[in-house]
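If you want the building blocks of each chain, they are given just below.
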Amino acid sequence: ENSANEAFVEKVEQVATMIHEEFREAEKDSLAEVQELGTRADYREKMKGLSKKLMDEKMITRDIVPVEYLTKKFPPEGIAVDVMFFLADQCIFDFLVIFSFVQNGIRDLAALQLCLFTFSITAQLKNGDLQKFQEEIQRSKMLGYKTNSYLSVMVWEKGVETFLSLLLWSHALYWTAWTPFQMMNSFAIVMIWAEVLGTFLYE
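This section reports on the structure supplied with the text.

What counts and what doesn't
Residues numbered from 1 in each chain as written. Predicted model: local features only at pLDDT ≥ 70, side-chain atom pairs only at ≥ 80, totals over all residues. Heavy atoms only, no water. Helix = DSSP H or I, 4+ residues; strand = E, 2+ residues; numbered from the N terminus. Buried < 20%, exposed > 50% of the residue type's maximum accessible area, 1.4 Å probe, protein only. Contact = heavy atoms within 4.5 Å. Areas by Shrake-Rupley, 256 points an atom, 1.4 Å probe, with all protein chains shown as cover. Axes fitted to C-alpha atoms, helices over the stretch in contact; angles between N-to-C directions. Parallel < 35°, antiparallel > 145°, perpendicular 65-115°, else oblique. Left-handed = near helix turned anticlockwise from the far one by under 90°. Nonpolar A, V, L, I, M, F, W, Y, C, P; charged D, E, K, R; others polar. Polar contact = N/O pair within 3.5 Å; in protein donor to acceptor, adjacent residues only side chain to side chain. Expected span 1.5 Å × (residues − 1). Salt bridge = Lys/Arg side-chain N within 4 Å of Asp/Glu carboxyl O. Phe/Tyr/Trp six-rings, centres within 6.5 Å; stacked < 30°, edge-to-face > 60°. Lys NZ or Arg CZ within 6 Å of the ring centre and 35° of its normal.

**A closer look at the overall build of the protein chain**
Next, step 1: A tally of regular secondary structure across the protein chain gives eight helices and zero strands.
Next, step 2: Starting at the N terminus and ending at the C terminus, the protein chain contains elements arranged as α-α-α-α-α-α-α-α.
Next, step 3: Within the protein chain, the proportion of its 203 residues that are buried is 37%.
Next, step 4: Taking contacts inside the protein chain between residues at least 6 apart in sequence as the whole, the part at least 24 apart equals 65%.
Next, step 5: Accessible surface computed for the protein chain: about 12,700 Å², of which carbon and sulfur atoms make up 64%.

**Thoughts on the packing of helix α4 (residues 79–103) against helix α6 (residues 133–143)**
Next, step 1: For the pair α4 and α6, the least separation of the axes is 11 Å and the interaxial angle reads 165°. When the interaxial angle is binned, α4 and α6 end up roughly antiparallel. Crossing of α4 over α6 shows right-handed handedness. Touching I79, V83 and F86 of α4 are F133, I137, S140 and K141, all from α6.
Next, step 2: Among the residues making up the contact of α4 with α6, the classes are represented as five nonpolar, one polar and one charged.

**Things to note about the side chain of Q113**
Next, step 1: Here Q113 is to be found in helix α5 (residues 107–126).
Next, step 2: Given a relative accessible area of 1%, Q113 falls into the buried group.
Next, step 3: One polar contact links Q113 to S165, side chain to side chain, over a distance of 3.2 Å.
Next, step 4: Residues in contact with Q113, not counting those within four places in the same chain, are D94, V97, I98, F101, S165 and L168.

**What to know about α5**
Next, step 1: A rise of 1.5 Å per residue sets the reference length of α5, with its 20 residues, at 28 Å; its end C-alpha atoms lie 28 Å apart and thus fit the reference within 8%.
Next, step 2: Here α5 has its buried residues at L109, A110, Q113, L116, S120, I121, A123 and Q124.
Next, step 3: Looking at the packing, one finds that the buried side of α5 touches α4 and α7 (148–176).
Next, step 4: Positive backbone phi, approximately 85°, marks G128, located one or two places after α5.

**Remarks on the pattern of salt bridges**
Next, step 1: Considering all chains together, one arrives at four salt bridges under this definition.
Next, step 2: A salt bridge links E135 to R139, with the shortest nitrogen-to-oxygen separation between them at 3.1 Å. Of the two residues, E135 and R139 both sit in helix α6, four residues apart, roughly one turn of that helix.
Next, step 3: On the basis of relative accessible area, E135 is assigned to the partly exposed category, the value being 32%.
Next, step 4: Through salt bridges with shared partners, a single ionic network connects D82, K146 and K158.

**Some words on the packing of aromatic side chains**
Next, step 1: On inspection of all chains with the given rule, the structure shows eight aromatic pairs.
Next, step 2: Aromatic side chains F86 and F133 sit 5.0 Å apart centroid to centroid with 50° between the ring planes, which places their arrangement in the tilted category. A residue pair is termed long-range when its members are at least 10 positions apart, and F86 in helix α4 and F133 in helix α6 qualify at 47 residues. Pair check on accessibility: F86 and F133 agree, each one buried.
Next, step 3: Here Y174 and W175 contribute two aromatic rings whose centre-to-centre distance is 5.5 Å and whose plane-to-plane angle is 90°, an arrangement assigned as edge-to-face.
Next, step 4: Taking the relative accessible area as the measure of exposure, W175 reaches 37% and is therefore partly exposed.
Next, step 5: Linked through ring pairs, F85, F93 and W193 together constitute an aromatic cluster.
Next, step 6: Positioned over the ring face of Y69 is K141, at 4.5 Å from the centre of the ring.

Structure (structure tokens):
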């Protein structure tokens, strides 16, 4: 059993090393250099070739699928969906939640939600990911995989802020869902956040 575990760990390390060596230089390139390289060598094709090689050597059992900008299946997935959620969360959801708390006289929860929003934005500005988010969107689209900086923003938005906002909003439903419109609004927000968080944890 120990030898089997050691062999599995060794295979995982080999896969990680191959992927790291294949794409580490692309992470360092500027967006202009990535676009120039993209015209000479298609990164998506390179990823497919690497995936086939790893499958032939039985290091992986599932194909590595390059990330799409927007898939045609339902529900849609891809970079565009991430960006739309990011904008909606920053410009709509947080405002609606804070407004609903204030409207129903729950000022302490409104203050907590505002602190959560401010903390998330400040953290992303501090590590520099938010300032270059637009560039990382283009880089991820060009390379065919999500860059570390892009994923860092998504971790904050989906893994931290969405999770805590969902907890806070679920706790506040008793005070905020009185009218049919408020109930439908609360249900829609909970379902959207739950779907986003569940998809993020699955990925």
